[in-house]
Amino acid sequence: MNSTRRLQTAKKGEPILVCIHGWAANAQVWSALVNHVNMGVFTVDLPGFGDECASVPSCDDFVAHLVTELKALNVPIHQTYLVGWSLGGQVAALLAQQLAAQGLSIAGLVTIASNPCFVAQSDWPSAMPEADFIQFQQHFATQPALTLKRFVTLQATGGQNVRELRAAQRALLPSAPLLGSHQHTLWCHTLEWLQQDTRDILKHLKPPQLHVLAQYDALVPAQTPLGQFGEALTLAHSSHCLPLEAPQKIARAITIFIKTHQQQALNKRKVAEAFSVAASRYDAFARVQKTVAKQVLKQLPCATDAVVLDIGCGTGALTQGVFNDWQPAHVLAVDIAQGMLRFARSRSRCEAVRYIAADAESLPIASQSIDGIMSSLAIQWCEMPAVLMHELYRVLKPGGWAVIATLGPGTLAELKTAWQAVDECVHVNAFTSRALLEQACLDAGFATTLTQQTAVCDYPSLMPLLKELKAIGAHNSHTNAPAGLMTRARLQQLEQNYPIKEGQKAPIVASYDVFYLALYKPG
């Protein structure tokens, strides 16, 4: 059984996509996508939907077969992005897991109109009720042609150009298998794969994830909470058939996702300069930052007579707060931006505070010299969470603690969605996934508790949001950021494409995906 085929050859060093279709489809659904990406593309056919398959493999056996095929084809896994539509998203997650178990890490995972748990659970209601799924199975087992016809219609429901979409379905999707045939058996068997639950895989997957949903998808609700695993993007006015309906939009989303997560993508010099310039006006605009800092202070354990390290001290809000709430012996206030340190020092002449210009990933601080660490919305500017956590562990005394707030992949999702309708540049910095952050903490040796919250800010129009981001120094410092000034035409285009959520009261909202970490170094 040959399941994997090369559709487009990559130039040396270019990213590679391995695309896996959904149930009742085949590899032809990716043919339009290839025209819009400049990278290598391999496609995978599920059993019964491509070449003849003599056996009836389990999902795990099929995924193991894919691992073998990818190795035989010499696919460089480290630069490979797995892309899965519908059921293919679950298969892609299982493939990423099996590759990781063999020490092979993919570059990223992209799911399209896919649900990690297609059958509803008590803790996952955004899925098909179990009774409906069982009924669908029974109908397909006895009436494959009629059931497939209804399923294909359901896939197209919600599309903008339903007539064109139905024509594409007829041209590209396979016909129903004959009742009782071997192909029918295979289709029935792969249908059972939809009962899998891959949420735990997504939760612990280290590479970055992008989950693309469709606004009017009749099979996978647009409200499916995939943002907890990585970046989530909802394409407006679209159906479940995204590979057929919106290949150019998918290609753009994947391209921006790959650019965003390139290694060494963040320019720390630009970060330091931006925050230095913003220091004097930072507090006047930092609404979310102030709220999160208060939460960090509330979560601090007793810091009386302690030596406390403030990572990314900024204008000194946390440093001042810890003196108000406790009486630490000393605070080491560290920031990468000299301008922030000068401003913080000018506001506080406390002799118990020492201001240090340093990168959190390389601290000029003695090992086991710190009792506690606090940090609010700073470590998202660090590119190597594993290096950072080992450094924090190094400087803490045994029994030491850390309370940290940082931003996750769902941050500024609305702004990112709007920009994707304008160009293929990176306009929002990359944020570390929950899984990668938690694993970095655990690998460093910390006992770890992570909680996740969403903070939302309202704006009367788009310009106040953009001005606020610039005023606090949090504008785009990515190496793939576009050059040049914002024009009136681009601003208008951006605002026209800014998503509006159901029940939204303000014209513009911006979401911040906040992770709160409570870390403890064993004594």
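The preceding data block contains the structure.
In this text the structure is predicted, and so the values were computed from the model without any measurement. (Residues numbered from 1 in each chain as written. Predicted model: local features only at pLDDT ≥ 70, side-chain atom pairs only at ≥ 80, totals over all residues. Heavy atoms only, no water.)

Trainee: Looking at this structure, I do not really get the packing of helix H4 (residues 130-142) against helix H7 (residues 182-192). What am I missing?
Mentor: Working note: a packed helix pair is described by the angle between its axes plus the distance between those axes. One can describe the packing of H4 onto H7 by two numbers: an axis separation of 10 Å at closest approach and a directional angle of 175°. Classified by the angle their axes make, H4 and H7 are roughly antiparallel. The residues of H7 that touch H4, namely those facing Phe-133, Phe-136, Gln-137, Phe-140 and Ala-141, are His-184, Trp-187, Cys-188, Leu-191 and Glu-192. Residue composition of the contact of H4 with H7, by class: seven nonpolar, two polar and one charged. (Axes fitted to C-alpha atoms, helices over the stretch in contact; angles between N-to-C directions. Helix = DSSP H or I, 4+ residues; strand = E, 2+ residues; numbered from the N terminus. Parallel < 35°, antiparallel > 145°, perpendicular 65-115°, else oblique. Contact = heavy atoms within 4.5 Å. Nonpolar A, V, L, I, M, F, W, Y, C, P; charged D, E, K, R; others polar.)

Trainee: Would you mind showing me how to read the pairing of strand S4 (residues 80-85) here?
Mentor: Within a regular strand, side chains alternate between the sheet's two faces. Burial runs high along S4: six of the six residues are buried. Here S4 shows no split at all, with Thr-80, Leu-82 and Gly-84 on one side and Tyr-81, Val-83 and Trp-85 on the other all buried. Pairing between strand S2 (residues 16-20) and S4: five bridges, direction parallel. By the bridge assignment, Leu-17 is partnered in S4 with Tyr-81. As judged from the five bridges shared by S4 and strand S5 (residues 108-112), these two strands associate in the parallel manner. Across the sheet, the residue bridging to Leu-82 is Leu-109, located in S5. Note that the unit made of S4, helix H3 (residues 87-101) and S5 has a crossover that is right-handed. (Buried < 20%, exposed > 50% of the residue type's maximum accessible area, 1.4 Å probe, protein only. Pairing = 2+ DSSP bridges. Right-handed = clockwise from strand over helix to strand, strands pointing away.)

Trainee: Sorry if this is basic, but what is going on with unusual backbone geometry here?
Mentor: A negative phi holds for most residues other than glycine; trans holds for most peptide bonds. Residues other than glycine seldom take positive phi values, yet Ser-86 does so here, at roughly 55°. Checked against the element boundaries, Ser-86 lands in the loop between S4 and H3. With relative accessibility at 8%, the residue Ser-86 sits in the buried group.

Trainee: What should I look at first to understand the nonpolar core in this one?
Mentor: A general feature of soluble globular proteins is that nonpolar side chains tend to end up buried together. Grouped together as the largest cluster of nonpolar side chains are 86 residues, with contacts concentrated most on Leu-17, Trp-23, Val-91, Leu-95, Ile-112 and Leu-242. When residues of this core are assigned to their parent elements, the largest contribution, eight residues, is made by H3. With near-sequence residues (within four places) excluded, Leu-17 lies in contact with Leu-33, Met-39, Gly-40, Val-41, Phe-42, Tyr-81, Val-83, Ile-254 and Ile-258. Core analysis: the second largest hydrophobic core is formed by 47 residues, Tyr-355, Cys-457, Ile-508 and Tyr-512 among them. (Core = buried A, V, L, I, M, F, W, Y, C linked by side-chain atoms within 4.5 Å.)

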